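Structure at a glance
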Amino acid sequence: MDRRTTPFSGRLALPSLRGQVEATFTEGEAARVRQPLADLLAHPGGARDRQLLMGDAVTVIDLQDDHAFVQAAKDGYCGWLAASAIGPATTPTHWVAARSSHLYSRPKVQAPEREALPFGALLTVSGILGSFAETQMGFVPLAHLRGTHDRPDDPVAVAEAFLGAPYLWGGNSAAGIDCSGLVQAALLACGLPCPGDSDQQQSLGQDLADNMAVQRGDLMFWAGHVAWVVDARRILHANGHTMTVAYEPIAGAIARILAQDGGPVTARRRLISP
């Protein structure tokens, strides 16, 4: 079993694992992330696997000291969060559609900001005051928000909004993002399902035959890496070469990665019909 998608903390597990693991079984507790960004860890105090965003729905399976073992609803990813990052289950009404935003203490541009909000964060808006949306945590510029059912239809255009964002292993925001985080952020923003890591994302869509040219919206994979196809000549990816989200010529990327012992392209997948 892949620990990333196995809802088993080592002592407690969801009932879906009956007969597969020896554990005490629990239905868990519905909750949402209440911090702008929360590291999802391999184990308490361990390495970051991914990040969850404010408003992401989770099932809390286990609590140990100051950490919670959770499964994220958006992609099934399991891991440990700081318990302080967990809040009550709510029903979001809006999502942050700007590359980033802020929570303000008052509905004024001059008011002190409380926290930065990442693209894709989910919020419950209780009212509108002028050009600001009111939430329990503060006020957000209404221009930065869309309703939860208001989704773009071009994931590559969404990914292009991250151009220049710094590379961060396991990152899921414009403050720091990796290759699979960029793919997931773009697809989820368009209301399309997407797992968290590049090897899991290789199951998306359909394989391209060797004689088929790539087009905008395709994905190209290397061992441990994924990139968006922007057009017949370019890709867009968060990469450790430039340490940013950047365009790169397809032919140049293939040659560079091969020369750096990253291996050849392992798959090309089509997600969007021409």
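About the cut-offs
- Residues numbered from 1 in each chain as written.
- Predicted model: local features only at pLDDT ≥ 70, side-chain atom pairs only at ≥ 80, totals over all residues.
- Heavy atoms only, no water.
- Helix = DSSP H or I, 4+ residues; strand = E, 2+ residues; numbered from the N terminus.
- Rg over C-alpha atoms; globule rule 2.2 N^0.38 Å.
- Buried < 20%, exposed > 50% of the residue type's maximum accessible area, 1.4 Å probe, protein only.
- Lys, Arg positive; Asp, Glu negative; His and termini not counted.
- Charge placed at Lys NZ, Arg CZ, Asp CG, Glu CD.
- Salt bridge = Lys/Arg side-chain N within 4 Å of Asp/Glu carboxyl O.
- Pairing = 2+ DSSP bridges.
- Contact = heavy atoms within 4.5 Å.
- Axes fitted to C-alpha atoms, helices over the stretch in contact; angles between N-to-C directions.

**Here we look at the overall build of the chain**
In terms of regular secondary structure, the chain is built from 4 helices and 25 strands. Over its C-alpha trace the chain gives a radius of gyration of 19 Å, about what one expects of a compact globule, namely 19 Å for 274 residues. Projected onto its principal axes, the C-alpha positions of the chain cover 55 × 50 × 30 Å. Taking all 274 residues of the chain together, the buried fraction comes to 49%. Both charge centroids of the chain, one from 22 positive and one from 27 negative side chains, sit 5 Å from each other.

**Describing unusual backbone geometry**
Here Asp65, not a glycine, exhibits a phi torsion of approximately 55°, which is positive. The class for Asp65 is exposed, based on a relative accessible area of 82%.

**Some remarks on the pattern of salt bridges**
Under the definition given, this model contains 16 salt bridges. Close ionic contact of Lys74 with Asp56 constitutes a salt bridge, the shortest N to O distance being 2.8 Å. Of this pair, Lys74 sits in the loop between β7 (67–72) and β8 (78–82) while Asp56 sits in the loop between β5 (48–53) and β6 (57–64), and the two are 18 residues apart along the sequence. What makes Asp56 buried here is its relative accessible area of 7%. Note that Asp154 is salt-bridged to Arg216, the shortest N-O span being 3.1 Å. Of this pair, Asp154 sits in the loop between β17 (145–147) and α1 (155–160) while Arg216 sits in the loop between β20 (206–207) and β21 (219–222), and the two are 62 residues apart along the sequence. Residue classification places Asp154 among the partly exposed residues on the basis of a relative accessible area of 26%. Classification of Arg216 by relative accessible area gives partly exposed; the value is 33%. Taken together, the shared-partner salt bridges in this structure form one network comprising Asp2, Arg4, Arg50, Asp178, Asp197 and Asp199.

**Regarding the sheet that holds strand β25 (residues 267–270)**
Taken in spatial order, the 6 strands of this open sheet run β20-β25-β21-β22-β23-β24, and their pairing is antiparallel. The open sheet has two edge strands with one neighbour each: β20 and β24 (244–249). Its contacts with the sheet put helix α2 (residues 179–189) on β21, β22 (225–229), β23 (234–239) and β24, and the angle it makes with β22 is roughly 45°. Helix-sheet contacts for helix α4 (residues 250–259) involve β21, β22, β23 and β24, and the interaxial angle to β24 is about 105°.

**Some points on the environment of Gly10**
Take Gly10: it is sitting in the segment before β1 (12–13). Since its relative accessible area comes to 53%, Gly10 is described here as exposed. Remark: the alpha-carbon pair of Gly10 and Phe69, spanning 59 residues in sequence, is separated by 9.8 Å.

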